[in-house]
Amino acid sequence: MRIPDSLSTRFLAALQRVRPIRRRTLKDKMLVYESFLPGRTYAIEVGYVRIVSTDASGRYSTRSLLGRGALLGDLPFGVTTFQNAESALANGKAIVLEVDRASIERASRNDQDLRQGLLETYGLQLHFLDRRLQWQLTSPLRRRVAMVLTDLMCFEGQPCNHGVGYVVDVRLTHEELSELVGASRPNVSAIMKTLRDQGVLSYRRTYVCVKDLGALGRIAAPDVMHVKGLRDLSSR
């Protein structure tokens, strides 16, 4: 999920006034944290972070993808999400702020920008979790694939230099996309091939381009074009 730039910029500026604070620059697949650590809150300043679970063999499975401004770890004021039981690692280069949870709680009592930023960020993240649970339980696979691709486009779609369309700049393998969708890789790959044959997508091992945003939006949901990031891309 992506936090709107207007909110993430304001919230991160307020969060950086909290002390103590640690800024960590991470390379691709470096751990933000391996397991839940009481008292430690993390905010994404640059890039993307994957929330993952680990099976008995130590293999990671992607559960969610968070962008700039999102919070993870031990969230202030006792807010609990499924992320608390999982690990987090950088998806590409990322910069993450590590802050003491109790310090955020104290600072928010006197910092209206920080307090408001927490409320708005929590609201968006909980809405995302609720939305994802609903579509995983009720939506057919084709629609789920389109919804995940739409969410990824709303991070930062750039004109594709491989042809007509916009490139999904969040790099995910078909296996990782399948984990986000909640389906097997062969089934998701078959859906991707069909979308490519229909002219909606173009992809290779190293990239995915959305060639027809309108068609992707109509598959995902009737109201998907109301999402700000996708609407902005369509107006370019």
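Quick summary incoming for the structure in this document. Keep in mind that this is a model prediction, so the values were computed, not measured.

Examining the packing of aromatic side chains
Here's step 1: Tallied over the entire structure, the rule returns one aromatic pair.
Here's step 2: A cation over an aromatic ring shows up here: arginine 196 above the ring of tyrosine 203, its NZ or CZ 4.3 Å from the ring centre.

Things to note about the nonpolar core
Here's step 1: Core analysis: the biggest nonpolar cluster contains 33 residues, and Leu15, Val32 and Leu72 have the highest contact counts within it.
Here's step 2: Looking at this core, the elements with two or more residues in it are α1 (5–15), β2 (31–33), β3 (40–46), β4 (49–54), β6 (71–73), β7 (87–90), β8 (94–100) and α3 (112–138).
Here's step 3: Residues Ile191, Leu195, Val200 and Leu216 belong to the second largest nonpolar core, which totals 31 residues.

What to know about the sheet that holds strand β5 (residues 60–66)
Here's step 1: Pairing is antiparallel in the open sheet, where four strands are placed in the order β2-β7-β4-β5. Both edges of this open sheet fall to β2 and β5, since each of them pairs with a single strand only. Averaged over all neighbouring strand pairs, the angle between strand axes comes to 35 degrees, with direction disregarded.
Here's step 2: Bridge count for β2 against β7 is two bridges, and the pairing is antiparallel. Its bridge partner lying in β7, tyrosine 33 is registered against alanine 88.
Here's step 3: Along the sheet, helix α5 (residues 174–181) contacts β4 and β5; its crossing angle with β5, the most-contacted strand, is approximately 70 degrees.

Digging into the environment of arginine 205
Here's step 1: Among the structural elements, arginine 205 can be located in the loop between β11 (201–204) and β12 (207–210).
Here's step 2: Classification of arginine 205 by relative accessible area gives exposed; the value is 86%.

Topic: the packing of α5 against helix α6 (residues 185–197)
Here's step 1: Here α5 crosses α6 at 100 degrees, and the two axes come no closer than 9 Å. By the angle class used here, α5 and α6 are roughly perpendicular. When α5 is examined against α6, the residues His174, Glu175, Leu177, Ser178 and Val181 are found in contact with a partner set consisting of Arg185, Val188, Ser189 and Met192.
Here's step 2: In terms of residue class, the contact of α5 with α6 is made up of four nonpolar, three polar and two charged.

Examining the sheet that holds strand β1 (residues 21–26)
Here's step 1: On the basis of which strands lie adjacent, the open sheet formed by four strands has the order β1-β8-β3-β6 and antiparallel pairing. Both edges of this open sheet fall to β1 and β6, since each of them pairs with a single strand only. Ignoring strand direction, the axes of neighbouring strands in this sheet form an average angle of 30 degrees.
Here's step 2: Relative to β8, β1 runs antiparallel, the two being bridged by six bridges. The residue of β8 that forms the bridge with isoleucine 21 is valine 99.
Here's step 3: Packing of α1 onto the sheet brings it into contact with β1, β3, β6 and β8, and relative to β3 it is tilted by some 130 degrees.

Focus on the side chain of threonine 62
Here's step 1: As for its placement among the helices and strands, threonine 62 is situated in strand β5.
Here's step 2: A distance of 2.7 Å separates polar atoms of two side chains, one belonging to threonine 62 and the other to arginine 50.
Here's step 3: With residues near it in sequence (within four places) discarded, threonine 62 still touches Arg50, Ile51, Val52, Glu176, Glu179 and Leu180.

About the criteria used
Counting restarts for each chain, with residues numbered from 1 along the sequence as it is written. At least 70 in pLDDT is required for a residue's local features to be given in this predicted model, at least 80 for side-chain atom pairs to be given and counted, and no such filter applies to totals for whole chains, interfaces and linings, which use all residues. Just so you know, side-chain values use all the structure's heavy atoms and leave hydrogens and water out. When the centres of two rings from Phe, Tyr and Trp lie within 6.5 Å, Trp using its six-membered ring, the rings pair. Their planes under 30 degrees apart give stacked, over 60 give edge-to-face, and anything left gives tilted. Two limits define a charge over a ring: the Lys NZ or Arg CZ must be within 6 Å of the ring centre, and within 35 degrees of the ring normal. Among the buried residues, those of types Ala, Val, Leu, Ile, Met, Phe, Trp, Tyr and Cys that are joined through side-chain atoms within 4.5 Å form a nonpolar core. Three exposure classes are used, based on accessible area relative to the maximum for each residue type with a 1.4 Å probe and protein chains only: buried under 20%, partly exposed in between, and exposed over 50%. Every helix listed is a DSSP run of H or I at least four residues long, and every strand listed is a run of E at least two residues long, numbered separately from the N terminus. Note on pairing: DSSP must find at least two bridges between two strands before they are called paired. Angles run from 0 to 180 degrees between N-to-C directions of axes, and those axes are lines fitted to C-alpha atoms, restricted for helices to the stretch in contact. For this analysis, residues touch if any pair of their heavy atoms sits within 4.5 Å. Throughout this description, any angle smaller than 35 degrees is read as roughly parallel, any larger than 145 degrees as roughly antiparallel, any in the 65 to 115 degree range as roughly perpendicular, and the remainder as oblique. Residues are sorted three ways: Asp, Glu, Lys and Arg are charged, Ala, Val, Leu, Ile, Met, Phe, Trp, Tyr, Cys and Pro are nonpolar, and all the rest, Gly among them, are polar. Two N or O atoms form a polar contact when they lie within 3.5 Å of each other; inside protein one atom must be a possible hydrogen donor and the other a possible acceptor, and for residues adjacent in sequence the pair counts only when both atoms belong to side chains.

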